[in-house]
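Listed below, chain by chain, are the residues.
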Amino acid sequence: MTSSLNLKGILGTNVNRQIFNRTIASTNGGLGIPELYSLQNSVSAIPYPNEYASKIGINGIYASASLGYKNYLFLDGTIRRDHSSTLPVSNAVYYYPSVSGSVIFSELLKQQWLSFGKFV
């Protein structure tokens with residue numbers, strides 16, 4: 001690179017794991033005594049509870065780069081790739097890309113009354 005160009009970069013990762021355990025139960029036929037909220041206050045015998053357990057995982061990687069020219073012209077790009085355990089294998093990977101540019105026009109104008117100006 002020359003002294004007119006600068007390059008900055010970031011790499012990262014994210015590992016997200018969630019474990020869910022839940023039990024769902026209800027009364028049968030409503031409440032025997034109004035406003036006494038208890039499964040044992042069921043009008044009829046209560047049904048067996050439903051129990052659920054699940055594990056969810058997302059593995060992500062991230063990269064960002066910024067290329068600058070003479071401290072006034074910038075090009076930035078990012079990419080994130082996630083792999084999810086909850087999606088079908090054929091569609092379990094997805095991407096989030098972005099690209100942007102900016103111009104620090106105060107570096108070009110060099111006016112005393114303007115301390116900083118930027119177009120994105």
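Data block above holds the structure.
No experiment lies behind these values; they were computed from the predicted model shown.

1. Details of the overall build of the chain
- A tally of regular secondary structure across the chain gives one helix and four strands.
- Computed over the C-alpha atoms, the radius of gyration of the chain is 28 Å, more than 25% above the 14 Å expected from 2.2 N^0.38 for a compact globule of 120 residues.
- On the principal axes, the C-alpha backbone points of the chain span a range of 80 × 40 × 20 Å.
- Here the chain holds 120 residues, and the buried ones make up 12% of them.
- Considering only residue pairs separated by 6 or more positions, the chain has 47% of its internal contacts joining residues 24 or more positions apart.
- Accessible area for the chain stands at about 9,500 Å²; split by element, carbon and sulfur atoms hold 58% of it.

2. Re the pairing of strand S3 (residues 73–84)
- Where strand S2 (residues 50–69) and S3 come together, 12 bridges link them in antiparallel fashion. Residue pairing across strands places serine 64 opposite threonine 78, the latter belonging to S3.
- Between S2 and S3, which pair antiparallel and follow one another directly, the connecting turn spans three residues, one of which, lysine 70, has a positive phi of 50 degrees.
- The sheet contact formed by S3 and strand S4 (residues 93–103) spans 11 bridges and is antiparallel. Considered in S4, the bridge of leucine 73 is made with valine 103.

3. Description of the sheet that holds S3
- Across the sheet, which stays open at both edges, the four strands sit in the order S1-S2-S3-S4 with antiparallel pairing between neighbours. A single partner strand is all that each edge strand has here, and the edge strands are strand S1 (5–24) and S4. Put simply, the sheet's adjacent strands are angled 10 degrees from each other on average, direction ignored.

4. Quick word on the side chain of aspartate 82
- Looking at the element boundaries, aspartate 82 is found in strand S3.
- Taking the relative accessible area as the measure of exposure, aspartate 82 reaches 5% and is therefore buried.
- Side-chain polar atoms of aspartate 82 contact the side chain of arginine 80, separated by 2.9 Å.
- Setting aside residues no more than four positions away along its own chain, aspartate 82 makes contact with Ile58, Asn59, Gly60, Ala92, Val93, Tyr94 and Tyr96.

Each value, and the rule that gives it
- Residues numbered from 1 in each chain as written.
- Predicted model: local features only at pLDDT ≥ 70, side-chain atom pairs only at ≥ 80, totals over all residues.
- Heavy atoms only, no water.
- Helix = DSSP H or I, 4+ residues; strand = E, 2+ residues; numbered from the N terminus.
- Rg over C-alpha atoms; globule rule 2.2 N^0.38 Å.
- Buried < 20%, exposed > 50% of the residue type's maximum accessible area, 1.4 Å probe, protein only.
- Contact = heavy atoms within 4.5 Å.
- Areas by Shrake-Rupley, 256 points an atom, 1.4 Å probe, with all protein chains shown as cover.
- Pairing = 2+ DSSP bridges.
- Axes fitted to C-alpha atoms, helices over the stretch in contact; angles between N-to-C directions.
- Polar contact = N/O pair within 3.5 Å; in protein donor to acceptor, adjacent residues only side chain to side chain.

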